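Working through the structure, step by step
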Amino acid sequence: MPIHRPAYYDLFLYNGDPGAGGAVVASSQNRQGVSFPYPYEYVDYTAPAAGTYYIVLTKRRSSTAHLRLSLFSLGADLVIRTTASSLAQPASCANSLSVGATNLADGPEYFSAEGPTTDGRAKPELSSPNRVVTSLTPSFAGTSAAAPHVAGAVALVIDRWGLSPQQAAANLLGTLTDVNALGFDYRTGGGRLSFDADGDGWNHDGDNCPLEANPGQSDLDGDSLGDACDDDIDGDGLINAQEAMHGTDADNPDTDGDGVGDYDEIFVYGANPLDPDSDSDGVNDYDEIFVNHTDPLSPGVLGDVAPAGAPDGVLNIADLLRLTRFITGVESPADPQESDRADMNGDGVLDVRDVLELRRILGY
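A brief look at the structure comes next. (Residues numbered from 1 in each chain as written. Predicted model: local features only at pLDDT ≥ 70, side-chain atom pairs only at ≥ 80, totals over all residues. Heavy atoms only, no water.)

1. Quick look at the overall build of the chain
Stated precisely, the cut-off is as follows: Secondary structure counts use DSSP, requiring at least four H or I residues in a row for a helix and at least two E residues in a row for a strand, with both numbered from the N terminus. Think of it in three bands: with a 1.4 Å probe and only protein chains considered, a residue is buried below 20% of the maximum accessible area for its type, exposed above 50%, and partly exposed in between. Contacts are assigned to residue pairs with any non-hydrogen atoms lying within 4.5 Å of each other. Methods summary: accessible areas were calculated by the Shrake-Rupley approach with a probe of 1.4 Å, and residue burial reflects only the protein chains presented. In this tally Asp and Glu are treated as negative and Lys and Arg as positive; neither His nor the chain ends contributes. Charge positions come from single atoms, namely NZ of Lys, CZ of Arg, CG of Asp or CD of Glu.
When helices and strands are counted, the chain shows 8 helices and 5 strands. Reading the chain from its N end, one meets helices and strands in the order β-β-β-β-β-α-α-α-α-α-α-α-α. In terms of overall dimensions, the chain has a C-alpha envelope of 135 × 50 × 30 Å along the principal axes. Buried residues in the chain amount to 32% of all 364 residues. Sequence separation of 24 or more characterises 43% of the internal contacts of the chain that already satisfy a separation of 6 or more. Working note: accessible area of the chain is about 20700 Å², and carbon and sulfur atoms make up 55% of it. With 19 positive and 57 negative side-chain charges, the chain shows a spacing of 26 Å between the two charge centroids.

In structure tokens, the structure reads:
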């Protein structure tokens, strides 16, 4: 009856070519048995100077014809290397959620390890962005940057929905955005992290309110920020709290419908956003501001002096003729209010400049 003997290997590190006088600088020669039932060798060496070092594995004894060798270097680069099955512990562990790194264009990073594991399991499960801005650096690169995104997402899903860690992981793996190759691949797993934090049916990639439920993706002002999380829903410049304070409609940029936006009425022209004719002179605020160039808070239309004693609120040739009579001395304004309306440039003097201003407004 054959006697089974455990595999027995030794590990050596040479400074220089072993076949050309290279010297052993570190070694591991564990005898596999009770203390080391599996082939396990480990060396830790700090090179005093730059050079080319060689790793030699010597098979002392084995009843197995061939065993697969997995060699990992977390420091110096290996001259002969492959990215396939390059996941190291703990990423290769069965109970871990392994995260690959993608750049901000969803491409896999060159340094991100590749699956499968050495025993053939499909990893990494997913990928996540790196090269991100933090409080300490303008570009935090590496899987050390990618993994915290997933850890934070797991914590958020657990806290928001009361899921177990296993349920949270399953939730995230079910909402990934496929990147790199179609379907699962050994660089980015099932895809890049993308989850539905607010539970409204939209992943954050396409959700206009990632943390506030907005199932209809309503966006009244079209600014790509959903109404559920937009502090200025109608986009008029007044935040929703200001709208409430002024009594204006947060869903309507022009509450009184006079053609002048709520923000402009309040902060530019000082008009009443709830009244289309702030001074109740029969001319709406839009016409006063943009057509007649008059004060929406001052009754009467600037330049409207005809018919005499009964101005009609409309600027026309009759007003120009009467204003000409004022400055030529043929006629005088009936009262101070009429004189104010005739003073087109507001300098307190009726002269040819007022006539020229009215002609300009009328297009003559």
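2. Things to note about the sheet that holds strand β1 (residues 8-15)
The cut-off we apply is this: Note on pairing: two strands pair once DSSP finds at least 2 bridges between them. Each axis is a line fitted through C-alpha atoms, taken for helices only over the stretch in contact, and angles between the N-to-C directions span 0 to 180 degrees.
Strand order in this open sheet of 3 strands is β2-β1-β3, and the pairing throughout is antiparallel. Where the open sheet ends on each side, the last strands, each with one partner, are β2 (23-28) and β3 (53-61). Taken over all neighbouring pairs, the strand axes of this sheet differ in orientation by 30° on average, direction set aside. In this sheet, β2 lies alongside β1 in antiparallel orientation, the contact comprising 5 bridges. Paired with Asn15 across the strands is Ala23, a residue of β2.

3. Here's the deal with the pattern of salt bridges
If charged atoms from side chains of opposite charge come close, those side chains can pair. The cut-off we apply is this: We define a salt bridge as a side-chain nitrogen of Lys or Arg found within 4 Å of a carboxyl oxygen belonging to Asp or Glu.
If you walk through the whole model with that rule in mind, you get 11 salt bridges. For the salt bridge of Glu109 with Arg131, the shortest nitrogen-to-oxygen distance reads 2.6 Å. In this pair, Glu109 sits in the loop between β4 (99-102) and β5 (126-129) while Arg131 sits in the loop between β5 and α1 (143-161), placing the two residues 22 residues apart along the sequence. Taking the relative accessible area as the measure of exposure, Arg131 reaches 33% and is therefore partly exposed. The salt bridge involving Glu331 is made with Arg325; its shortest N-O contact spans 3.0 Å.

4. Quick notes on the nonpolar core
For clarity, the threshold we go by: Nonpolar core, defined: a set of buried Ala, Val, Leu, Ile, Met, Phe, Trp, Tyr and Cys residues in which side-chain atoms within 4.5 Å join the residues together.
Ranked by size, the top nonpolar core spans 14 residues in total, and within it Leu126, Val150, Leu172, Leu193 and Phe195 carry the most contacts. Mapped by element, the contributors of at least two residues to this core are β4, α1 and α2 (165-173). By residue number, the principal contributor to this core is α1, which donates 5 residues. For Leu126, the contacting residues outside a window of four places in its chain are Leu97, Ser98, Val99, Gly100, Val150, Leu173, Leu176, Thr188, Gly189, Gly190, Gly191 and Leu193. Counting 11 residues, the second-largest nonpolar core is a separate cluster that includes Val305, Leu315, Met344 and Val355.

5. Regarding α1
The line we're drawing: The span expected for a helix works out to 1.5 Å for each residue beyond the first.
The first and last C-alpha atoms of α1 sit 27 Å apart over 19 residues, in line with the 27 Å expected at 1.5 Å per residue. Buried residues of α1: Ala145, Ala146, Val150, Ala153, Val154 and Val157, and no others. At its buried positions, α1 is contacted by β4, β5 and α2. Two residues or fewer after α1 comes Gly162, characterised by a positive phi angle close to 65°.

6. A look at the environment of Leu315
Among the structural elements, Leu315 can be located in the loop between α5 (285-291) and α6 (317-328). Relative accessible area serves as the criterion here: at 13%, Leu315 is assigned to the buried category. Spatially, the C-alpha atoms of Leu315 and Leu362 are 7.3 Å apart, while their sequence positions differ by 47 residues. Leave out the neighbours within four places in its chain, and Leu315 touches Asn292, Val301, Leu302, Gly303, Asp304, Leu358, Ile361 and Leu362.

7. Some points on unusual backbone geometry
Negative phi is the rule for most residues except glycine; trans is the rule for most peptide bonds. Following Gln89, the chain continues to Pro90 via a peptide bond in cis, the omega torsion being 5°. Position of Pro90 among the secondary structure elements: in the loop between β3 and β4. Backbone torsion omega between Ala306 and Pro307 reads -5°, so that peptide bond is classified as cis. If you check the backbone angles, Arg131 has positive phi at about 55° while not being a glycine. Although it is not a glycine, Gln217 sits at a positive phi angle of roughly 55°. Mapped onto the fold, Gln217 is located in the loop between α2 and α3 (240-246).

8. Details of the side chain of Asp258
Note the threshold: Think of a polar contact as two N or O atoms within 3.5 Å of one another; within protein, one of them needs to be a possible hydrogen donor and the other a possible acceptor, and neighboring residues in sequence only count if both atoms come from side chains.
Take Asp258: it is sitting in the loop between α3 and α4 (262-268). Of the side chains with opposite charge, Arg360 lies nearest to the buried Asp258, which makes no salt bridge, at 20 Å. A distance of 2.9 Å separates a polar side-chain atom of Asp258 from the backbone nitrogen of Val260.

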